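Here are the chains, one letter per residue:
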Amino acid sequence: MAICTVYTTQLNPTCSSISKPSKSHLGFHQRQVVLYKRNSTNTYRPRSSGFSRPSYSIITCAADQTVVIGLAADSGCGKSTFMRRLTSVFGGAAEPPRGGNPDSNTLISDTTTVICLDDYHSLDRTGRKEKGVTALDPRANNFDLMYEQVKTIKEGVAVEKPIYNHVTGLLDPPELIKPPKILVIEGLHPMYDERVRDLLDFSIYLDISNEVKFAWKIQRDMAERGHSLESIKASIEARKPDFDAYIDPQKQYADAVIEVLPTQLIPDDNEGKVLRVKLIMKEGVQYFSPVYLFDEGSTISWIPCGRKLTCSYPGIKFTYGPDSYYGHEVSVLEMDGQFDRLDELIYVESHLSNISTKFYGEVTQQMLKHSDFPGSNNGTGLFQTIIGLKIRDLYEQIVASRSQTPVEAKA
Amino acid sequence: MMGSLALGSVSFWGSSRSVIKRDYDHDHGQDQKMKMKMMMMKKRSRVGMAVAMAGGAKFKGTQMREKQLNEMIEKKVKEATEVCGGDEKSAECKVAWDEVEEISQAKADFRLKLQKEDPLESFCQEHPETDECRLYDN
């Protein structure tokens, strides 16, 4: 379905030709029709200098203008579990672009394109070494280009986006990115630059606590010959100052924060297997209604395990309630513990409200579809799936609202 | 999946950098246990990798890439350890460990890609004559 916006403007009589919008980017424009209409008689128009001016209307038909989602995460680009769950909600699996650079960080599915913000590094690995800056440092990134290109894609025009090669550490020749229905920009700095922030229709920050980050990095790296416990610890420690200075502050701008902490259900637990996950949702965000438990705006503590539902150790505990986060009103839904069986999952789903499912059991179905993904038995998988559904809902609302914009043609 | 991991005490994150080494000694018992586990995992995974490679890595280019990444991790960890031996708080030290992180993540992504299919699959369909696209023999 095409959504058309009509721009009407007065043409200066000294202009002899209608100037077409300049094609500054390679790729296609969405279909544009320019109607040139001359006013029939010398009708006096008080607003102008007294002369009647011919007016022309440009009807721009943009097929469902791109919705832009920002995801701040420190876990590399595009291959993260969150991305896979998100693209799955929209249908289809996201794949690297076929036939292009095999080291591309981009993922493309039918509806969604995921861009890795590392592609906007202004300094490659050598450059960063020379200047003494990490990839976390804003000085290593070209925010002007990031803003320009995200804006251009949002307006329906394709761009040639650079590729940052994580293996060689070099900037490779660009690849063509065509405007998708949903564009996800994932990386370290999606909300750092104010102009880019304003382009986002929704933003998420994945906040992993230090203990959990350590446990995950050990799992990631422990099989590598070059790594040891010390090297993993040292790497996290060395990056922490830059992380705290440049990445962490973006939390305050996010519409939703997923915070991952060690469990409180097991006293003195230091294994990092059972997780406590908080979904912090900003109030008052357009097209986004926070998930709640039982009674919106109240404070709830809920242990679903009991007579109707038997759970194995350590069980499941939910809390929900309003709170304040960096000066904003938020609603916080928290899950501590693990799902062991299907019926636990469906039981929990049936008690949550505002989860934007299209049918009963959709959350459970999505979680089961990807039961091999990490986090499928705890709050990380649950909340990532729910956020995916909320984003789908947000997308559909935005599209619906745009199609209702009245189309006016000025005489 | 992995066996249970015993982490050092949570208070590790509260301590300042200069105290890290002392914490190691303190948690010597825990660390030793962890190191044993890591050694076992490495032994097991190297066998596993050889088996997996027969399934996952099809092309020579991919096998070379895997080798390259492994070597880079080792090299960069060594470099970082050396650079930071001088001054832990220096910019050089930060950058060195950041490089280690970048390569470690690249290796993890590579491993994940390999589980589905050889990353060079579609490239090699177009360019089967290139060196990277020679079929990898175990």
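Residues numbered from 1 in each chain as written. Chains lettered and ligands numbered in written order. Predicted model: local features only at pLDDT ≥ 70, side-chain atom pairs only at ≥ 80, totals over all residues. Heavy atoms only, no water.

(A) How the structure looks around the state of the cysteines. All names here are of chain A. Tallied over the full model, the rule gives three disulfides over all chains. Paired by a disulfide, Cys305 and Cys311 hold their sulfur atoms 2.1 Å apart. Note on the Cys305 and Cys311 pair: the S-S dihedral is about -95°, so by sign convention the disulfide is left-handed. Judged by its relative accessible area of 24%, Cys305 falls in the partly exposed class. When the bonded cysteines of chain B are counted from the start of the sequence, the pairing works out to 1-2, 3-4. (Disulfide = S-S within 2.5 Å. Buried < 20%, exposed > 50% of the residue type's maximum accessible area, 1.4 Å probe, protein only.)

(B) Just the nonpolar core, in detail. Residue and element names in this part refer to chain A. Counting residues in each nonpolar core, the largest one holds 57 residues, and the members touching the most others are Ile69, Phe202, Ile258, Phe318, Leu333, Leu382 and Phe383. For this core, the two domains that each supply at least three residues are domain 2 (65–204) and domain 3 (255–397). When sequence neighbours within four positions are dropped, the list of residues in contact with Phe202 reads Val68, Ile69, Gly70, Asp255, Ala256, Val285, Phe288, Ile391 and Leu394. Formed by 28 residues, the second largest nonpolar core is a distinct cluster that contains Leu183, Met191, Ala254 and Val332. (Core = buried A, V, L, I, M, F, W, Y, C linked by side-chain atoms within 4.5 Å. Domains from an automatic or database assignment. Contact = heavy atoms within 4.5 Å.)

(C) Up close: unusual backbone geometry. Residue and element names in this part refer to chain A. Along the chain, Tyr313 connects to Pro314 via a cis peptide bond; the corresponding omega equals 0°. With respect to the helices and strands, Pro314 occurs in the loop between β14 (300–302) and β15 (316–325). Despite not being glycine, Phe294 has its phi angle at roughly 65°, a positive value. By the element assignment, Phe294 lies in the loop between β13 (292–293) and β14. (Helix = DSSP H or I, 4+ residues; strand = E, 2+ residues; numbered from the N terminus.)

(D) Here's a closer look at helix α7 (residues 342–351) of chain A. Among all positions in α7(A), only Glu344(A), Leu345(A), Tyr347(A), Val348(A) and Glu349(A) are buried. Packed against the buried residues of α7(A) are β14, β15, β17 (352–353), α8 (362–369) and α9 (379–403) of chain A.

(E) Here's a closer look at the domain arrangement of chain A. Residue and element names in this part refer to chain A. By domain assignment, chain A separates into domain 1 (2–64), domain 2 (65–204) and domain 3 (255–397). Taking only C-alpha atoms into account, the centre of domain 2 sits 27 Å from that of domain 3. On the domain 3 side, the residues contacting the 16 residues of domain 2 number 23 residues. Regarding the contact of domain 2 and domain 3, the summed buried area is about 1,900 Å², with carbon and sulfur atoms giving 68% of it. A per-residue breakdown of the area domain 2 buries against domain 3 is headed by Arg85, Val89 and Phe202, which together make up 40% of the total. (Buried area = accessible area lost by both parts, 1.4 Å probe.)

(F) Highlighting the packing of aromatic side chains. Residues and elements named next belong to chain A. Following the criterion strictly, the structure yields five aromatic pairs over all chains and no others. For the pair Tyr325 and Tyr326, a centre-to-centre distance of 4.7 Å together with 85° between the ring planes defines the contact as edge-to-face. Joined through ring pairs, the aromatic side chains of Trp302, Phe318 and Tyr347 make up one cluster. Over the aromatic face of Phe373 sits the side chain of Arg84, whose NZ or CZ is 4.1 Å from the ring centroid. One cation-aromatic arrangement involves Arg197 over Tyr253; the distance from NZ or CZ to the ring centre is 3.6 Å. (Phe/Tyr/Trp six-rings, centres within 6.5 Å; stacked < 30°, edge-to-face > 60°. Lys NZ or Arg CZ within 6 Å of the ring centre and 35° of its normal.)

(G) Highlighting the confidence of the model for chain B. Residues and elements named next belong to chain B. Put simply, chain B has an average pLDDT of 71, and 58% of its residues get 70 or more. When pLDDT is averaged over each element of chain B, helix α3 (residues 60–86) comes out on top at 92 and helix α1 (residues 20–26) at the bottom at 39. Across residues 1–27, where pLDDT falls below 50, the model places 47 contacts with residues more than four positions away in sequence or in other chains. Two summary scores accompany this predicted model of the complex, namely pTM at 0.79 and ipTM at 0.80. (pLDDT = per-residue confidence, 0-100.)

(H) Focus on the environment of His121(A). Residues and elements named next belong to chain A. Among the secondary structure elements, His121 is positioned in the loop between β6 (112–116) and α2 (125–131). Taking relative accessible area as the criterion, His121 reaches 5% and is therefore assigned buried. Each C-alpha atom of the pair His121 and Arg139 lies 8.8 Å from the other, and the pair is 18 residues apart in sequence. Sequence-distant contacts of His121, that is, excluding residues within four places in its chain, are made with Arg128, Ala135, Ala140, Asn141, Tyr164 and Leu171.

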